[in-house]
Each structure stands twice: as structure tokens, then as C-alpha cells.
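Spelled out from the first residue to the last, the chains are:
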Amino acid sequence: MKEPVTVFFTVDNNYAPYLAVAVNSIVKNSSSERKYRIIVLEEDISEENKAKISALLPKNFTIEFSL
């Protein structure tokens, strides 16, 4: 299997809605035959926003929130 496609973001809670838009766009334009890894270097993203963004992801995606 091919290596996963890794996408990196760095955001704070104010940018969380735009992160959700970007993630949604990646999901809509992704291949179900590939795996995707999203890494988010974040500062103070609320647990609610993390949950909303994570809920956008199908099974072939993973997301990691790091400080």
C-alpha cells in the first residue's frame, strides 16, 4: 500500500472554522483507496471544535491534535 498522504496545519481556536472547511475539502477530493494523516499543531482549540472537525473524517483518515 502507498504511504499515507500527510497534511499539516497550525491553528488556534479562532481559525478552527476555516480548518474545518479545509479538512472537508480534502475529504471531498480524496481517494478512498489512499490513507490520509492530518496533523494539527494547535493552540487552545476547544474540545467541541476538535470533535466537530474529527467527525468530518471517514475511516481512511486520521487526525492528530498536538500542542
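Located above this text is the structure these notes cover.
Residues numbered from 1 in each chain as written. Predicted model: local features only at pLDDT ≥ 70, side-chain atom pairs only at ≥ 80, totals over all residues. Heavy atoms only, no water.

A few points about the overall build of the protein
Step number 1: Looking only at helices and strands, the protein features two helices and three strands.
Step number 2: When the helices and strands of the protein are read in sequence order from the N terminus, they spell out β-α-β-α-β.
Step number 3: Projected onto the principal axes, the alpha-carbon positions of the protein cover approximately 35 × 20 × 15 Å.
Step number 4: A burial count over the protein gives 30% of its 67 residues as buried. (Helix = DSSP H or I, 4+ residues; strand = E, 2+ residues; numbered from the N terminus. Buried < 20%, exposed > 50% of the residue type's maximum accessible area, 1.4 Å probe, protein only.)

Points about the sheet that holds strand S3 (residues 61-66)
Step number 1: Strand order in this open sheet of three strands is S1-S2-S3, and the pairing throughout is parallel. Whereas interior strands pair on both sides, the edge strands pair on one side only; in this sheet they are strand S1 (5-12) and S3. Going across the sheet, the axis of each strand differs from the next one's by a mean of 20 degrees, ignoring polarity.
Step number 2: Bridge analysis of S1 against strand S2 (residues 36-43) gives eight bridges, and the strand direction is parallel. Bridging across to S2, Val11 finds its partner in Glu42.
Step number 3: Against the sheet, helix H2 (residues 47-54) touches S2 and S3, its axis set at about 160 degrees to S3. (Pairing = 2+ DSSP bridges. Axes fitted to C-alpha atoms, helices over the stretch in contact; angles between N-to-C directions. Contact = heavy atoms within 4.5 Å.)

A word on the nonpolar core
Step number 1: Ranked by size, the top nonpolar core spans 14 residues in total, and within it Phe9, Leu19, Val23, Ile38, Val40 and Leu57 carry the most contacts.
Step number 2: For this core, the elements supplying multiple residues, two or more each, are S1, helix H1 (16-28), S2 and S3.
Step number 3: Among all residues touching Val40, those that are not within four sequence positions of it are Phe9, Val11, Leu19, Ile45, Ile63, Glu64, Phe65 and Ser66. (Core = buried A, V, L, I, M, F, W, Y, C linked by side-chain atoms within 4.5 Å.)

Details of the side chain of Lys50
Step number 1: Checked against the element boundaries, Lys50 lands in helix H2.
Step number 2: Judged by relative accessible area, which is 15%, Lys50 ranks as buried.
Step number 3: A distance of 3.1 Å separates polar atoms of two side chains, one belonging to Lys50 and the other to Glu42.
Step number 4: The contacts of Lys50, once residues within four sequence positions are left out, are Glu42, Ile45 and Phe65. (Polar contact = N/O pair within 3.5 Å; in protein donor to acceptor, adjacent residues only side chain to side chain.)

Let's talk about the side chain of Asn60
Step number 1: Its place among the elements puts Asn60 in the loop between H2 and S3.
Step number 2: Looking at Asn60, its side chain comes within polar contact range of the main-chain oxygen of Ser31, at 3.2 Å.
Step number 3: Among the polar contacts made by the side chain of Asn60, one reaches the main-chain carbonyl oxygen of Arg34 at a distance of 2.8 Å.
Step number 4: For Asn60, the residues in contact, after removing those within four places along its chain, are Ser31, Ser32, Arg34, Lys35 and Tyr36.

From the geometry alone we can't say anything about function, so treat these as descriptive.
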